[in-house]
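What the coordinates show
The primary structure of each chain is shown beneath.
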Amino acid sequence: MSDSAVTMNEPGVLRLAGVLDYRSGPALRKEGKALIAACKAGALVLDCSQVEKSSSVGLSLLLAFMRDGKAAGKAVEVRAMPQDMREIAEVYDLDEVLAGQ
């Protein structure tokens, strides 16, 4: 199992990586919220291209980060959501919400 992380190495791009589950979720939520609050860019991209595996916790993180970004007045976009996250989003009828961002 790989380590999970949330980083913002380029302005406005919050990158999620590794395994997103109940073990990694709380720390990632706290770190991501702080990174978004400190971000000066006018837009926020939630980049999931490095996510290896995700439970519903990963989807919950995306929704929380979207909410944080919008609360900070940023346009929010989700990039490269993995198939397992897409499938969970479809079950909850959130695929359109996430695609429309």
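Below is a summary of the structure that appears in this document. (Residues numbered from 1 in each chain as written. Predicted model: local features only at pLDDT ≥ 70, side-chain atom pairs only at ≥ 80, totals over all residues. Heavy atoms only, no water.)

1. Notes on the packing of helix H2 (residues 56-71) against helix H3 (residues 83-91)
Spelled out, the test is: Note on definitions: angles span 0 to 180 degrees between N-to-C directions of axes, and those axes are lines fitted to C-alpha atoms, for helices only across the stretch in contact. In DSSP terms, a helix is any run of H or I states spanning at least four residues, a strand is any run of E spanning at least two, and both are numbered starting from the N terminus. By the definition adopted for this analysis, an angle is roughly parallel if under 35 degrees, roughly antiparallel if over 145, roughly perpendicular if from 65 to 115, and oblique otherwise. Contacts between residues were defined by any pair of non-hydrogen atoms, one from each residue, lying within 4.5 Å. When residues are grouped by polarity, Ala, Val, Leu, Ile, Met, Phe, Trp, Tyr, Cys and Pro land in nonpolar, Asp, Glu, Lys and Arg in charged, and all others, Gly among them, in polar.
Close contact between H2 and H3 brings their axes to 9 Å; oriented N to C, the two are set at 80°. Relative to H3, the element H2 lies roughly perpendicular. Contacts from Ser56, Gly58, Leu59 and Leu62 of H2 reach H3 at Met85, Ile88 and Ala89. Partitioned by chemical class, the residues of the contact of H2 with H3 number five nonpolar, two polar and no charged.

2. Here's the deal with the nonpolar core
Stated formally: Nonpolar cores are built from buried Ala, Val, Leu, Ile, Met, Phe, Trp, Tyr and Cys residues. Side-chain atoms within 4.5 Å join them into one set. When a residue's accessible area, from a 1.4 Å probe over protein chains only, is under 20% of the maximum for its type it is buried; when over 50% it is exposed; and in between it is partly exposed.
Formed by 25 residues in total, the largest nonpolar core has its most connected members in Leu14, Leu16, Leu46, Leu62, Phe65, Val78 and Leu98. Per element, the largest residue contribution to this core is five residues, and it comes from H2. With near-sequence residues (within four places) excluded, leucine 62 lies in contact with Leu16, Leu46, Cys48, Val78, Met81 and Met85.

3. Examining unusual backbone geometry
Backbone geometry at alanine 80 places phi at a positive 60°, although glycine is not the residue there. Looking at the element boundaries, alanine 80 is found in the loop between strand S4 (75-79) and H3. A positive phi angle is found at aspartate 93, which is not glycine, with a value near 55°. Looking at where aspartate 93 falls in the secondary structure, it is placed in the loop between H3 and helix H4 (95-99).

4. Some words on the pattern of salt bridges
Where side chains of opposite charge bring their charged atoms close, a pairing between them can arise. Note the following rule: Within this document, salt bridges are pairs made up of a side-chain nitrogen of Lys or Arg and a carboxyl oxygen of Asp or Glu, the two lying within 4 Å of each other.
Enumeration according to the criterion identifies five salt bridges in this entry. Here arginine 79 ties to aspartate 47 by a salt bridge, and the two come within 3.9 Å at their closest N and O atoms. You can see arginine 79 sitting in strand S4 and its partner aspartate 47 sitting in strand S3 (residues 43-54), a full 32 residues away along the chain.

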